[in-house]
Amino acid sequence: MGKKSGLSKKVDKLEKKTEDLRKKAEKKAGNLQDLAEDRIEELTGEKKKKRKGKLAVVFGAIAAAALVLKKKRDQELDEALWEEPRSV
């Protein structure tokens, strides 16, 4: 039992260190991502927000087209159901 308790303490300590390292890595990754985005903006002269706006318009158009096609398909299925003869 004493060893298990000691091992448990060691595992807890390692888990805490791992969590601390993970948090540091996430923070550093966020900083590096911000630096990279700033550098991209410098080189291209284009803001990222403009790209997001363009993507939003494209995805919106795709969603609208999908909605229209779905409604058309539903209508065709409804019409097909009315045309089929029913067995009594």
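Structure: above.
These numbers come from a predicted model, not from an experiment.

Caption draft 1: Focus on the overall build of the chain. Check the secondary structure of the chain and you find two helices and zero strands. A burial count over the chain gives 0% of its 88 residues as buried. Accessible surface for the chain amounts to roughly 8,800 Å². Of this, 62% is attributable to carbon and sulfur atoms.

Caption draft 2: Representation of a nonpolar patch on the surface in the model. Residues L55, V58, F59 and I62 make up a contiguous nonpolar surface patch of about 400 Å² in total accessible area. Its location among the elements puts I62 in helix 2 (residues 48-83).

Caption draft 3: Looking closely at a negative patch on the surface. Residues E76, D78, E79 and E83 make up a contiguous surface patch of negative charge. Residue placement: E76 occurs in helix 2. Looking at E76, the relative accessible area reads 46%, which means it is partly exposed.

Caption draft 4: Looking closely at the pattern of salt bridges. Counted by the stated rule, this structure contains five salt bridges. In this structure, the salt-bridge partner of R22 is E26, at a minimum N-O distance of 2.6 Å. Pair noted here: R22 and E26 are both in helix 1 (residues 2-44), with a separation of four residues, about one helical turn. Residue classification places R22 among the partly exposed positions, given a relative accessible area of 37%.

Conventions adopted
- Residue positions are given per chain, counting from 1 as you read along its sequence in written order.
- Given that this is a predicted model, residues contribute local features only at a pLDDT of at least 70 and side-chain atom pairs are listed and counted only at 80 or more, while totals for whole chains, interfaces and linings are drawn from all residues.
- Hydrogens are left out, water is left out, and the side-chain values use all remaining heavy atoms of the structure.
- Here a strand is any run of E in DSSP of at least two residues, a helix any run of H or I of at least four, and the numbering for each starts at the N terminus.
- Remark: exposure states derive from per-residue accessible area (1.4 Å probe, protein chains only) relative to the maximum for the residue type, with buried under 20%, exposed over 50%, and partly exposed in between.
- All accessible areas in this document rest on Shrake-Rupley with a 1.4 Å probe, and a residue is counted as covered only by the protein chains that are shown.
- Patches here: salt-bridge-free residues with over 30% relative accessible area, like charges joined within 9 Å, nonpolar side chains (Val, Leu, Ile, Met, Phe, Trp, Tyr) joined within 5 Å.
- In the sections that follow, a salt bridge refers to a side-chain nitrogen of Lys or Arg positioned within 4 Å of a carboxyl oxygen of Asp or Glu.
- A residue counts as positive if it is Lys or Arg and as negative if it is Asp or Glu; His and the chain ends are not included.
- Charge coordinates come from a single atom per side chain, which is NZ of Lys, CZ of Arg, CG of Asp or CD of Glu.

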